[in-house]
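Per-entry structural report
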Amino acid sequence: MNFKEIESKWQKYWEDNNIFVAKNGSDKKPYYILVEFPYPSGSGLHVGHVRSYTAQDSIARMKRMQGYNVLYPMGWDAFGAPAEQYAIKNHIHPKEAVKENIKTFKAQMKSLGFSFDWTREFSTTDPEYYKWTQWQFLQFYKHGMAYKDTVPVNWCPTCKSVLSNEDAAGGVCERCGSQVVQKEKSQWMLRMSEYAEDLLQGLDDTNFAERVKLGQINWIGKSVGAHVDFKIKGHDKTFTVFTTRCDTLFGATYCVLAPEHEYVLDITTKEHLEEVKEYIRNCSLKNEMERTELNKEKTGVFTGAYAINPVNGREIPIYISDYVLASYGTGSIMAVPAHDERDYEFAKKFNIPIIQVLEEVTGTPHENESEKKSIVAVVYDRENDKYLTINWKEKGGRLFVGGTIKDGETPLECAIREIKEETGYTDLELKEESFKINHHYYAYNKDKYFNIEATPLLFELKTNKKIEQELDDDEDFEVEWVSKDVILKEIKDQLHMKSFEYVTKPGAMVGDGTHTNSSFLDGLNKEDAINKMISWLEDKKLGKKKINYKMRDWIFSRQRFWGEPIPMIYCEKCGYVPMKEEDLPLLLPDVAEYEPTEDGESPLANIKEWVNTTCPCCGGKAKRETDTMPNWAGSSWYFLRFMDPHNDKEFASMDAMKYWGKVDWYNGGMEHTARHLLYARFWVQFLYNIGLVPNKEMIWTRVSHGMVLGSNNEKMSKSKGNVINPDDIVKEYGADTLRVYEMFMGDYQMDAPWSTDSLRGCKRFIDKVIRLLDKVNDKEGFTKELEVIQNKSIKKVTEDLTTLGYNTAISTLMILTNSYEDLESITKEDYHLLLTLLNPIAPHITEELNEKLGYEPICLGKFPVCDESKIVEEEKEIAVQVNGKVRATIKIKVDEEENEVKKKALAEENVIKHIDGKEVVKVIVIKGKIVNIVVK
RNA sequence: GCUCAUAUGGCGGAAUUGGUAGACGCGAUUGACUCAAAAUCAAUUUUUCGCAAGAAAGUUCCGGUUCAAGUCCGGAUAUGAGCACCA
């Protein structure tokens with residue numbers, strides 16, 4: 001059979017007969033299946049596209065046969081930098097390049113037989129489309145959701161161009177390699193942060209895959225905390241910090257302002273001014289990437305100013321440091337080195353006091369505890385890499401040196417004394433005195449419950465100098481030096497284990513515990529203390545509860561040519577004025593040069609006749625905004641346009657959107673599950689709030705497919721030479737084979753490597769299906785002995801196609817095919833059933849074979865429905881286990897009596913062998929599943 | 001560093017959600033057909049022992065729950081992805 005002819009024959013049939021055209025308002029139940037529309041790049045369709053388009057296509061084809069009115073549209077997300085770059089280089093208008101690329105993409109898609117409704121095709125670059133993108137921007141503006149703000153951008157001084165974060169990775173311009181600097185630029189912004197909570201809550205009204213929801217949640221980054229006001233000593237100024245840990249306020253020993261904080265220069269004292277200015281200058285040279293990525297070690301300078309800690313009036317120094325970001329929270333923090341890793345690191349470096357206000361709790365509290373203070377001393381012998389332990393044998397196991405602090409003694413003095421008394425070692429150097437631990441335990445020798453506050457200390461042994469131990473009568477133990485492995489294995493005591501952890505891995509104590517040194521919070525745990533502190537602060541008007549989100553406003557300007565022009569006009573008199581809606585679309589002009597201007601403005605700024613206009617407000621001279629919209633704009637609402645693509649009155653009619661409802665099934669790449677999806681949801685929620693769309697969420701199910709990797713298990717790329725071009729595969733093996741293979745290659749949501757061998761296997765499968773044609777006999781109806789497996793297959797395939805189980809759907813069909821092959825002959829009905837089940841995945845060849853049988857085209861027919869009565873088997877083979885090991889299998893009737901089953905199981909030869917001479921404790925019979933005989 | 005995901009034969013991957021681990025496919029080996037090759041068909045293919053019947057081990061590692069664990073719980077390791085000083 002010539003698959004090329006067959007494929008084009010059926011592709012033509014589908015197109016000529018408008019088989020896949022969706023009708024608005026049809027009586028059939030609507031079903032909207034969406035794949036991310038591609039960016040039509042010059043390199044053509046990727047095999048990764050084929051994977052997700054085929055998956056969605058198989059659902060679409062099945063749903064149509066099940067009687068749904070299916071909308072499966074396709075379009076082009078064609079604005080963006082690559083087309084612009086191409087245009088700059090080749091001096092052709094990007095729209096020409098885009099037109100070419102779309103042509104290629106479309107031909108490739110058609111050659112794969114995707115059942116798109118091409119009557120709804122559009123590109124985001126069509127003026128009829130971007131007119132509405134611009135119109136929607138005006139709605140944002142009119143509702144106060146779009147504003148201008150000055151934000152730092154990545155600027156390449158050589159290319160004279162604004163760079164995206166990706167193009168400025170590592171602080172170096174990707175194109176020319178020169179140092180990227182931060183430059184302040186006035187940009188259009190959308191108030192997306194106002195929607196943070198709604199975007200979070202809205203997830204409950206979706207059926208997104210869990211990992212997709214999680215991606216959204218992380219990106220929004222909600223954290224609940226408090227604002228706390230700090231007075232500045234000698235100024236009448238107050239600054240506010242955001243903290244999630246206001247319970248640790250008593251442990252705040254300094255504050256930090258971001259270098260960009262507005263107060264910095266005001267509060268800096270004369271002596272520190274030079275240093276502070278120098279620091280700020282250095283920071284401005286780094287972009288955000290550098291400040292976060294390359295900055296392993298904390299830096300900062302003291303301003304000379306002091307803040308007053310509102311809970312205890314203590315004066316604490318104010319530093320500036322770039323580890324505090326101006327863009328998050330209030331741009332200033334209170335620092336609690338004892339309980340925050342970053343603050344700890346900073347405090348250690350600048351020798352700032354560390355005050356512990358939270359103690360970790362170990363052991364179990366008990367009534368009538370006696371309280372005392374004690375130490376746990378870890379002594380390390382660097383030379384032999386051993387630790388000093390005391391082996392109490394059965395009386396307490398292995399421990400470190402421990403002991404009770406006497407009156408007037410510091411923990412250090414106590415530790416030195418105890419080490420001397422119990423082990424005799426005297427020549428020690430203190431390495432670490434760590435955070436105190438609150439430990440509850442029962443002392444057998446004293447028959448008492450204790451609640452102790454223990455201080456862990458670490459010493460290093462300088463020399464082996466030793467004196468005689470001074471032991472009490474009840475002290476009977478061995479002093480032993482052991483390795484770290486022995487400690488980790490043998491020390492069971494929680495306090496001693498924790499102490500070891502604390503002193504060997506010093507750092508902030510960030511866990512929960514009980515508060516100390518904290519006045520009215522003492523004794524409370526973290527959660528209670530936070531709540532109590534918030535109400536205390538609110539009472540005293542020193543602060544309040546505050547929720548913060550990582551998600552920021554959307555920077556909506558691009559200094560690029562190839563994007564939707566922002567429809568705003570700047571008038572000297574009136575300021576920024578929106579264009580009149582009836583003047584839209586604001587077309588991109590046809591020009592010859594696309595280079596950005598000297599000062600980084602969009603190339604549009606050079607086109608005088610385009611820029612100069614009149615003010616819609618006062619009629620005076622005015623200039624157009626020359627920034628364009630980001631790529632994300634057009635893709636934020638395209639799924640709405642597909643519902644009503646030719647509407648020239650509205651972006652889509654309410655009727656059409658109500659008819660189709662939410663997108664039932666949206667698929668795309670993992671790389672878009674955070675940002676694109678969030679932007680699109682924001683856009684829709686806004687439109688919903690102003691009454692323009694019927695649902696607050698317009699997407700119901702969202703799944704993300706795994707990548708198709710090269711055969712070497714790496715991402716496909718030209719440089720690695722592992723790229724597979726779908727055209728080549730279609731040419732050599734046919735579209736159906738490629739479709740089957742990509743569905744069979746593995747778990748749909750996971751990455752999977754390309755394997756041409758496996759592809760050949762799928763080709764063999766299709767050939768096998770074709771060969772079955774020779775087995776077709778003249779009999780009517782279905783072959784009796786196939787009925788069970790046929791109906792089981794119907795059930796499995798139907799389920800699998802809507803639960804991402806494409807690979808197991810195909811394996812089911814392979815099994816069905818094999819069972820047909822085992823027979824002398826099959827009926828037409830048998831064959832027709834197999835072809836219909838396989839049709840959603842391999843539509844061409846199945847239609848052709850089906851036609852040879854004399855049936856009407858599969859795409860016009862019905863998808864089979866499982867007859868449950870046919871899959872009830874009378875007999876079943878189940879396993880018999882002895883002590884959980886399979887020893888035999890028995891055949892039983894499905895509703896056989898438990899006792900009968902038991903009898904059968906115990907009569908098996910191999911079972912008798914294994915229970916011989918042993919006592920049968922019990923026999924577990926799980927109906928229709930398994931028998932397990934427990935013997936002793 | 002944090003978050004998430006994943007870990008099963010030579011390979012891609014199944015396992016009805018706690019009930020016969022390795023479905024299906026690839027690869028490999030052997031045989032049939034052929035002058036030969038391809039295609040096709042038949043058989044074998046987790047490991048070890050055994051002629052076989054069968055036995056033992058086995059789903060990254062350690063521990064636990066259960067009559068029964070790839071699946072549930074606790075801990076560790078590795079790989080991948082995303083975020084990255086988010087107070």
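Before any of the text, the structure's been laid out above.
Residues numbered from 1 in each chain as written. Chains lettered and ligands numbered in written order. Predicted model: local features only at pLDDT ≥ 70, side-chain atom pairs only at ≥ 80, totals over all residues. Heavy atoms only, no water.

1. Quick word on the overall build of chain A
This is how the line gets drawn: Only DSSP runs of H or I covering at least 4 residues are called helices, and only runs of E covering at least 2 are called strands; the numbering of each starts at the N terminus. Throughout this description, buried means an accessible area under 20% of the type-specific maximum (1.4 Å probe, protein chains only), exposed means over 50%, and partly exposed covers the range between. Working rule for contacts: check all heavy atoms of both residues, and any pair within 4.5 Å makes them a contact. For the charge count, each Lys or Arg is scored as positive and each Asp or Glu as negative, with His and the chain ends excluded. Note on charges: their place is set at NZ of Lys, CZ of Arg, CG of Asp or CD of Glu.
A count of helical and extended segments in chain A gives 29 helices and 35 strands. Taken along the three principal axes of its C-alpha coordinates, chain A extends 105 × 105 × 50 Å. A burial count over chain A gives 52% of its 936 residues as buried. Within chain A, contacts between residues separated by at least 24 positions form 73% of all contacts whose residues are at least 6 apart in sequence. Where the 124 positive side-chain charges of chain A centre and where its 150 negative ones centre are 2 Å apart.

2. As for empty space enclosed by the protein
Put simply, the test is: Detection works on a 1 Å grid of protein atoms alone, calling trapped sets that fit a 1.4 Å probe cavities and calling open sets with protein on both sides within 12 Å along at least five of seven lines pockets, with lining residues defined by an atom within 4 Å of a point. Grid points are joined across faces, edges and corners, and a volume is the space filled by probe spheres set on the points. Amino acids outside the nonpolar list (Ala, Val, Leu, Ile, Met, Phe, Trp, Tyr, Cys, Pro) and the charged list (Asp, Glu, Lys, Arg) are all regarded as polar, and Gly is one of them.
The final tally for this structure, using the stated rule, is 2 cavities of 30 Å³ or more. As a volume, the largest cavity reaches approximately 50 Å³. Along its surface, the largest cavity is lined by F20, R61, R64, M65, N839 and C859. Residues belonging to the lining of the largest cavity are distributed by class as follows: 3 nonpolar, 1 polar and 2 charged. Each pocket or cavity is described by its volume, and for the second largest cavity that value is around 30 Å³. As for the second largest cavity, its lining consists of F639, A680, R681, V684, E697, M698 and I699. No other element matches helix α20 (residues 675-689), which puts 3 residues into the lining of the second largest cavity. Considering only residue class, the lining of the second largest cavity consists of 5 nonpolar, no polar and 2 charged.

3. Some remarks on the packing of helix α22 (residues 735-744) against helix α27 (residues 843-853)
Here is the rule: In this analysis an axis means a line fitted to C-alpha atoms, helices contributing only their contacting stretch, and an angle means the value between N-to-C directions, from 0 to 180 degrees. Throughout this description, any angle smaller than 35 degrees is read as roughly parallel, any larger than 145 degrees as roughly antiparallel, any in the 65 to 115 degree range as roughly perpendicular, and the remainder as oblique.
Contact geometry for α22 and α27: axes closest at 7 Å, N-to-C directions at 125°. With respect to α27, the axis of α22 lies oblique. Between α22 and α27, the residues in contact are A735, D736 and R739 and P843, H844 and I845, respectively. Of the residues that constitute the contact of α22 with α27, the class distribution is 3 nonpolar, 1 polar and 2 charged.

4. Structural notes on the pattern of salt bridges
A side chain with one charge can pair with a side chain of the opposite charge if their charged atoms come near. To keep things clear, this is the line we draw: Should a side-chain nitrogen of Lys or Arg be within 4 Å of a carboxyl oxygen of Asp or Glu, the pair is scored as a salt bridge.
Scanning the entire structure with this criterion turns up 44 salt bridges. The partner of E418 in a salt bridge is R417, and the shortest N-O contact between them spans 3.3 Å. We classify E418 as buried; its relative accessible area is 8%. On the accessibility criterion, R417 (16% relative accessible area) is buried. The structure contains a network of salt bridges with shared partners spanning K9, E848, E851 and K852.

5. As for the nonpolar core
The criterion, for reference: Here the nonpolar core consists of buried residues drawn from Ala, Val, Leu, Ile, Met, Phe, Trp, Tyr and Cys, with membership extended through side-chain atoms lying within 4.5 Å.
Within the largest apolar cluster, 165 residues are counted, with the highest numbers of intra-cluster contacts made by M109, F137, F639, L640, F651 and W754. Counting residues per element, this core draws most heavily on α20, which supplies 9 residues. Counting residues in each nonpolar core, the second largest holds 36 residues, with A252, L521, A529 and I534 among its members.

6. Some words on the packing of aromatic side chains
For any two aromatic rings, the description comes down to two numbers: the centre-to-centre distance and the angle of the planes. We count it as follows: Pairs were defined over the aromatic rings of Phe, Tyr and Trp, the Trp ring being its six-membered one, requiring ring centres within 6.5 Å. Orientation was assigned from the angle between planes: stacked under 30 degrees, edge-to-face over 60, tilted for the rest. Look at NZ for Lys and CZ for Arg. If either is within 6 Å of the ring centre and within 35 degrees of the ring normal, a charge sits over the ring.
Summed over the entire model, instances satisfying the criterion amount to 61 aromatic pairs. With a centroid separation of 4.8 Å and 40° between ring planes, the pair formed by F122 and F642 is classed as tilted. Taken together, the positions of F122 in the loop between α4 (94-111) and α5 (127-142) and F642 in the loop between α18 (638-641) and α19 (654-660) put the pair 520 residues apart, joining distant regions of the chain. Its relative accessible area of 7% is what places F122 among the buried residues. By relative accessible area, which is 0% here, F642 ends up buried. Over the aromatic face of Y666 sits the side chain of R702, whose NZ or CZ is 4.8 Å from the ring centroid.

7. Brief notes about the pairing of strand β25 (residues 575-578)
The following threshold applies: A pair of strands is considered paired only if DSSP assigns at least 2 bridges between the two.
Bridge analysis of strand β24 (residues 568-571) against β25 gives 4 bridges, and the strand direction is antiparallel. Looking at β25, one finds that C571 is bridged to G575. Counting the residues between successive antiparallel strands, the hairpin from β24 to β25 contains 3 residues.

8. Quick word on the pairing of strand β9 (residues 301-308)
Of all 8 residues in β9, 6 are buried; the element is thus mostly enclosed. With 2 bridges joining them, strand β6 (residues 222-232) and β9 adopt antiparallel strand pairing. Paired with K231 across the bridge in β9 is I308. Here β9 folds back onto strand β10 (residues 315-320), and the loop between the two strands holds 6 residues, one of which, G313, carries a positive phi near 70°.

9. Details of α22
Of all the 10 residues making up α22, 9 are buried; the element is thus mostly covered by neighbouring parts of the structure. Taken as a whole, α22 has its buried residues at A735, D736, T737, L738, R739, V740, Y741, E742 and M743.

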